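Commentary on secondary and tertiary structure
Residues per chain, in single letters:
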Amino acid sequence: MARKTALSTSAGKKIYLEDIGDYFTVLDVVYANQFEEDTIDQETAQQTEERFFRGAPPEWLNFHISQLAESNGTGSPFIKRDGYKRLVQQINKRRNHPGTSIVKLLHQQGCGGTTLAMQVLWDMRKTFRCAVLTGLPLESTKVAKEVVHLFTGGSGNDLNTVLLLINDEFIWEHLQDSIMAEIEEREIDVDVPVVILFNCVRSDSAILKLEHVREKEGSNERNTDCVVLKRILSDAEQRELDTKKEELDRIYGAKASQFHGFNILQSNFSSDYIQEVCAIFNTVERKNKPLKTQLASFLCLLNAYVPGSYLLESDCLDFLKHDHSLQDDLSLVTLMQPFSHLILSFQHDKRCEKKIRMAHPMIAKCCTELLADAGVTRSDTARNFLMCFCRDDVSPSLLGFIKDLLTKRERKRGSAEDLDLEKFSTLILHISEMEDKKQSASVLKVASYKFDKNSLFPQALARFCYGELKEYIDAEIWAKRAIEREPKKSFIADTLGQVHKNHLRSKGLSATPRELLQLAEKAIDAFEHEEELAEEEQRKSQRGDEKSKVMWGLNTRGQFGFLQVCRILFDQLVSQNEAWKGVLTKNVSMGSVLKSLGDNKLDRFRDLIENLRVKVEKKTEFFDIFLTYSQSAIKRDKAYVSKEVAECYKKYVGDLVPEHNDGHRKTFQKLKQKLAVHSAGILSCLDRTCTSDIEHIVEWWQEIEQSKDSTTRAFVNLMFAKIMLSNRNKAKPSSDYRNALRQRKPPASPTLAEYHILSLLLLWPADDEDKPVSDLSQLIKLASHAYEREYKTMLQSRYLRPLFFLGPGEGLNRFVHRRVLEIVWTKDALQESNTNWRNENIFRDTAVEERLLKVEGVVRNYRVYATFGDTKVELEANRRDSLFRSGQVSFYLGFTIKGPVAFSIQRRLLITEGKKTPHHKKILCGIYLYCGVMVPTRPNTISGGTTENGNNPGAETA
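Each value, and the rule that gives it
- Within each chain, residues carry numbers counting from 1 in the order of the written sequence.
- Local features in a predicted model are, by the rule used here, given only for residues with pLDDT of at least 70; side-chain atom pairs are given and counted only at 80 or more, and totals for whole chains, interfaces and linings are based on all residues.
- Working from all heavy atoms in the structure, the side-chain values ignore hydrogens and water.
- The way it works is that DSSP assigns letters per residue, a run of H or I at least four long becomes a helix, a run of E at least two long becomes a strand, and they are numbered from the N terminus.
- To sort residues, take the accessible area from a 1.4 Å probe on protein chains only and compare it with the maximum for the residue type: under 20% means buried, over 50% means exposed, and anything in between is partly exposed.
- One requirement defines pairing of two strands: DSSP has to find at least two bridges between them.
- Stacked, tilted and edge-to-face are the three classes assigned to paired rings of Phe, Tyr and Trp, where Trp is represented by its six-membered ring and a pair needs centres within 6.5 Å; plane angles under 30 degrees give stacked, over 60 edge-to-face, the rest tilted.
- When two cysteine sulfur atoms are found within 2.5 Å, that pair is recorded as a disulfide.
- As a per-residue measure, pLDDT reflects the predictor's confidence and takes values from 0 up to 100.
- Throughout, a residue-residue contact means that at least one pair of heavy atoms, one from each residue, lies within 4.5 Å.
- Expected helix span is taken as 1.5 Å per residue step, with the number of steps being one fewer than the number of residues.

This part is about unusual backbone geometry. In this structure, Pro338 follows Gln337 across a cis peptide bond, with omega equal to 10 degrees. Looking at the element boundaries, Pro338 is found in the loop between helix H13 (332–335) and strand E10 (343–346). Here Asn268, not a glycine, exhibits a phi torsion of approximately 60 degrees, which is positive. Within the secondary structure, Asn268 sits in the loop between helix H9 (260–266) and helix H10 (271–277). Judged by its relative accessible area of 29%, Asn268 is partly exposed. Not every positive phi belongs to a glycine, and Tyr862 is a case in point at roughly 65 degrees. Looking at the secondary structure, you find Tyr862 in the loop between strand E16 (854–860) and strand E17 (863–868).

This is how it looks when you write it as structure tokens:
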């Protein structure tokens, strides 16, 4: 008879199931009755404990053995680091708290963060259904199916929240949406949270960033939901560890002196202890090193620079068999004497090979430094590792570690920017600093030859050649070699453009215009080729599965690189001859000044030069649309992008205005100079802080719109400019804008998404209207279809930013621009616009609330509707996890380029709470992410409504 596994229920009981474990491929589930029916023999228990105390990753069995020892009085409890209580409290606090919150456990490498996270899961396995994600977070559809299967217990009769540990940074929105879609597809009514995602991230740079924010805001760990674990002990921890050490010495005797994983923790990460145990490497000589010494140096280098890395035991034995002085029948640990006490062999899954690593990352770093002091440099070790150890086909795991070792760039230490990365991997930087830059290039060259089908290593080498060595010819060779290996990847193609761009930038006044134009032409060709590849990647991701859509956002480096090249070329040519300014801005023809330029052969560049301004304007419009209508779904967009784009654009547009206003040419030139010639530019005026120009922008568009050849686009831009002016409290008396809209014919093309958004804004019912004056549902469909045709390919992987919100004013004054709310919230008009609108924290600010109007609505069948009397209009929800609970709601109404969106959905109950309406479902809440920020409460501003808990208005979000 098959043994049954137990899952906890929300009522605190257990259900017993057969074969449920066979379903899971990306989840490592710890069951409520884990090991309870197993007999653990003494030898297995002792070996498991010894491996853990020596430094091996924890196993679930470690926690079980510790609990047994505690219960029978033979051992002390498993030591809990100081963050344990806060983690448990925060998880329990969210058991009945609807909404999605984000909390992270941030920890330094080697301080016990992963052990602490697993300990929390083990201790809560009888309260929640606990699991560790072993697959990739990007496989969100697959993960969602397994999470929901675990949540339902395979049947759906006994539901319970899944507590899911993810040891990685990830895009939680994708996983959240996938789980929501799976729940909706299976039509599951939920009365408990589906999943709490427990995000455990190993990152020194993230900790530094968090501490920087706390210092700036004057906060501390106690009033944020992010738990930090560092390599330092509190007095209480030290006392517990000292007691535990006495216990281990008593039980294990001399063996305990080699429990380096535990001893490093107990010694408060003492550098003296680490130096003492690593002293064996002081005797290593530079030349004629035995293979076991070389293998030890490989392990040290890999473990010092790649967290979580290891070598397979079989690969290590294959390497050592070339040393004929060693006996074949000995274990690897025995063969590695005198380094054996520093090396671990472990195997958590019997289906996988044994893994080998150093006992602790701090030991690996210390040994690497000792070897370098002895003359065994990091570059020598890296080259030998690549040439000698990686002889034949390399396992996927090892290739991944080598990629991280040589190409993974970490966030800059102390940087507050999410995307502010180091130029190269930490190892490459250390070799450059401690040895020589040529040695770094040599290591990358060996990897490029060794892995002759991989594009990452020649790409990194090309970047190093142009960025550090200023060897542009070699950089071009290696960049082209990387492209040959992966000719269809846009990010690989980008490097060639960067090579030529940096070569162009390096040229001084000594370079001739012909030389500058030749380099610029090569760079532009490379960036335009990259742009074509990026567009093809985006088309493929639209046709592909969800996993592709998650992985591939539109690569815009080609467009940005193009504009950077144009800016550099403009500055360098104009600095040599002022006549170039008129040519590049197209105020004079190239032929008319060719003689004054001093080189008749420049005529071969005529097509390139005459097309530059047009292309600069086109790509600037692209970035205005890209950055105004959307933001990165992963991390913040770089602030300098919009600034550099605007600088380049202004150079090519020029500061001259035509004397004659032929066909409004003069007016359009003025609008171009203010970056307000198209809708996205107008809608980003407040972001550019060019608020003093908005009145002029309104006047110029008024002039164009009132002319006999006015277009629908001109009307749209005028209305947007007027709305922007109203957000500066300078609005003129409102005219009958609805009637003006009706007199305008809809655009002949089904695109022009801006027209449809404007229609929604102007025709949206005012606060005192009982029903819509138009078919809002049809208008929303038209807007959505226009977005699909015009912008979806460009923006599909990004979060659509709200452009306006509905406020309590009248006429055009009731549309509140996103930037106004950001300034109210941050109280700093100069701070960059980087608000995370997805988490909705901004709506918990009273000053922001006062600027907005609450809209009444209802949630039904995972959909949200705005209600106007008997009329219901379906909207998108900013957060889909707000839709698990059916019933009456209120929310703030925002408008993206795709259409209206419900923000900060709050469930409300009628005063006649005693009787539930027939359509009311028992849906309490859906998805929680245990990896973020505490959600503060705020007053409920819905008139006639009350919150479910009564005593704490606004504590819940639907």
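Still more ground to cover, so stick around.
All right, on to the sheet that holds strand E9 (residues 311–312) then. Spatial ordering of the open sheet is given by E9-E11-E10, a layout of 3 strands whose pairing is antiparallel. Looking at strand neighbours, the two that pair on one side only are E9 and E10, the edges of this open sheet. Here 4 bridges tie E10 to strand E11 (residues 355–358), and the two strands are oriented antiparallel to one another. Within E11, the position partnered with Ile343 by the bridge is Met358.

A few words on the packing of aromatic side chains. Counted under the stated rule, the structure contains 37 aromatic pairs. Relative to Phe259, the ring of Phe53 lies with its centre 5.7 Å away and its plane at 25 degrees, an arrangement referred to as stacked. You can see Phe53 sitting in helix H1 (residues 42–54) and its partner Phe259 sitting in the loop between helix H8 (235–252) and H9, a full 206 residues away along the chain. With a relative accessible area of 6%, Phe53 lands in the buried category. The rings of Phe35, Phe52, Phe53, Trp60, Phe63, Phe78, Trp122, Tyr252, Phe259 and Phe262 are connected pair by pair, giving a single aromatic cluster.

Turning to the state of the cysteines, a few remarks are in order. Scanning the entire structure with this criterion turns up 0 disulfides. Left without a disulfide partner, Cys200 is nearest to the cysteine sulfur of Cys111, which lies 8.7 Å away. Given a relative accessible area of 2%, Cys200 falls into the buried group. Looking at Cys388, it has no disulfide partner, and the nearest cysteine sulfur is the one in Cys390, 9.4 Å off.

Time to look at the confidence of the model for the protein. On average, the protein scores 86 in pLDDT, and the residues at 70 or more come to 89%. Note that residues 545–551 has pLDDT below 50 and, in this model, 16 contacts with residues that lie over four places away or in other chains. Within the model, the stretch residues 910–958 combines pLDDT values under 50 with 145 contacts to residues more than four positions away or in other chains.

Attention now goes to the pairing of E16. Within E16, 6 of the 7 residues are buried, which leaves it mostly tucked inside the rest of the structure. Two strands pair when backbone bridges link them, and E16 and strand E19 (residues 887–895) are joined in this way by 6 bridges, in the antiparallel orientation. Bridged to Glu856 within E19 is Ser890. Two successive antiparallel strands, E16 and E17, enclose a turn made up of 2 residues, where Asn861 displays a positive phi of approximately 50 degrees.

Right, let's talk about helix H19 (residues 456–469) for a bit. Helix length check: H19 (14 residues) gives 19 Å between terminal C-alpha atoms against 20 Å at 1.5 Å per residue, within 8%. Here H19 lies mainly inside the structure; 11 of its 14 residues are buried. Taken together, the buried positions of H19 are Phe457, Pro458, Gln459, Ala460, Leu461, Ala462, Arg463, Phe464, Cys465, Tyr466 and Leu469. On the buried face of H19, the contacting elements are helix H16 (396–407), helix H17 (426–434), helix H18 (437–450), helix H20 (472–485) and helix H21 (490–506). In the segment just after H19, Lys470 is the residue with positive phi, at about 60 degrees.

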